[in-house]
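Observations on chain architecture
Listed below, chain by chain, are the residues.
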Amino acid sequence: MFAKGTRRGRGALIVVEGLDRAGKSSQCEYLRNFLEESGLSVKYIRFPDRTTSIGRLIDGYLRGQSQLDDHSIHLLFSANRWELAKSIEADIANGINVIIDRYSYSGAVYSAAKANPSLSLEWAWTPEIGLPQPDLCLFLSISPEEAAKRGGFGGERYENETMQSRVRDLFKTLFDLQRGSDIRTVDAGRSLEEVSQDVSNIVTECIARVDPASSLGKLTSF
Ligand code: Z5A
Ligand code: MG
């Protein structure tokens, strides 16, 4: 917990990642409330941000209403992050803690999971280089069996067994390549309360550790 009004300097950038139905959005909402109740300023962003003009193109693609080349849609997902990058940096500099629901890690692995020979993980990561680097990435890990208990796949593109199993492997590969990043795996197959207890503990540690005078890093190449 944080004493009200005692923190000065920059906020922390916290990313929540994971497979389909791992509970990312539920945990982001919980975390937002937890930090607000602790007296901290918080903003919650989710990617894709379907409200911008780029986001609307992505939304149409995910719903199967439009067809796009794999590279084109990949670059739109990345552009959707770049269009918010400056405002994320400004919020962090102004002392706001920013929670992001899916980020560059999802961006790279979902596109690479298509197994398109000209869209490798490295190619997919390249447009992410230079975006704000999270102070913490929480990976909510869930088995396919536990995820299935939370309801069947929805109607959106990528919501099928083959994609999800490739995505699981690629997250591992990508995280192994992230030198110097704080990536923490949380067992998300437990109750909402158990998962949120771990999430709030890890985030509390992260916020306490971030040097208020430091500047936010940038994502780098492998
Ligand atoms: N995508 C991409 O390709 N490239 C990119 O750059 C980005 C994304 C950013 C849409 O993402 C797709 O875009 C996604 C990746 C791709 N494709 N797939 N698959 P999205 O984030 O908009 O998708 P979503 O539908 O919001 O999220 P989600 O991943 O499917 O769900 P979630 O946020 O992880 O879970 P939730 O909504 O919090 O919970 C799901 C259900 O489980 C819900 O009924 C909860 O009440 C329940 N739940 C949650 N936690 C628990 C626990 N602990 N116990 C029991 N039940 C629980
Ligand atoms: Mg979600």
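Scope of this entry: the structure provided in the associated data block. All of these numbers come straight from a predicted model, not from anything done at the bench.

1. Considerations on the pairing of strand β3 (residues 97-101)
For β3, the tally of buried residues reaches five of five residues, placing the bulk of the element in the interior. Along β3, one buried face is formed by Asn97, Ile99 and Asp101 and the opposite face, lined by Val98 and Ile100, is buried too. The pairing of strand β1 (residues 13-18) with β3 spans four bridges and is parallel. By the bridge assignment for β3, Val16 is matched with Asp101. Looking at chain direction, strand β2 (residues 42-46) and β3 are connected through five bridges and run parallel. Among the inter-strand pairings, Arg46 is bridged to a residue of β3, identified as Asp101.

2. Details of the environment of Tyr30
Secondary-structure assignment places Tyr30 in helix α1 (residues 24-37). Overall, the relative accessible area of 31% leaves Tyr30 in the partly exposed class. C-alpha of Tyr30 to C-alpha of Gln197: the two residues are 167 residues apart in sequence and 9.9 Å apart in space. Here Tyr30 is in contact with Ser196 and Ser200, once residues within four sequence places are set aside.

3. A closer look at the site of ligand 1
Taken together, 25 residues sit near ligand 1, with Lys24, Ser26, Arg46, Arg81 and Arg102 positioned nearest. Between ligand 1 and Ser25 there is a distance of 2.9 Å, counted from an oxygen atom to a side-chain nitrogen or oxygen. Within the contact set of ligand 1, an oxygen atom lies 2.8 Å away from a side-chain nitrogen or oxygen of Arg102. When the free accessible area of ligand 1 is taken as 1100 Å², the share hidden by the protein chains comes to 79%. Mapped by element, the contributors of at least two residues to the shell around ligand 1 are α1, α3 (70-93) and α4 (104-112). Class assignment for the residues of the shell around ligand 1 results in nine nonpolar, six polar and ten charged.

Rules used throughout
- Residues numbered from 1 in each chain as written.
- Chains lettered and ligands numbered in written order.
- Predicted model: local features only at pLDDT ≥ 70, side-chain atom pairs only at ≥ 80, totals over all residues.
- Heavy atoms only, no water.
- Buried < 20%, exposed > 50% of the residue type's maximum accessible area, 1.4 Å probe, protein only.
- Helix = DSSP H or I, 4+ residues; strand = E, 2+ residues; numbered from the N terminus.
- Pairing = 2+ DSSP bridges.
- Contact = heavy atoms within 4.5 Å.
- Near = heavy atom within 4 Å.
- Polar contact = N/O pair within 3.5 Å; in protein donor to acceptor, adjacent residues only side chain to side chain.
- Areas by Shrake-Rupley, 256 points an atom, 1.4 Å probe, with all protein chains shown as cover.
- Nonpolar A, V, L, I, M, F, W, Y, C, P; charged D, E, K, R; others polar.

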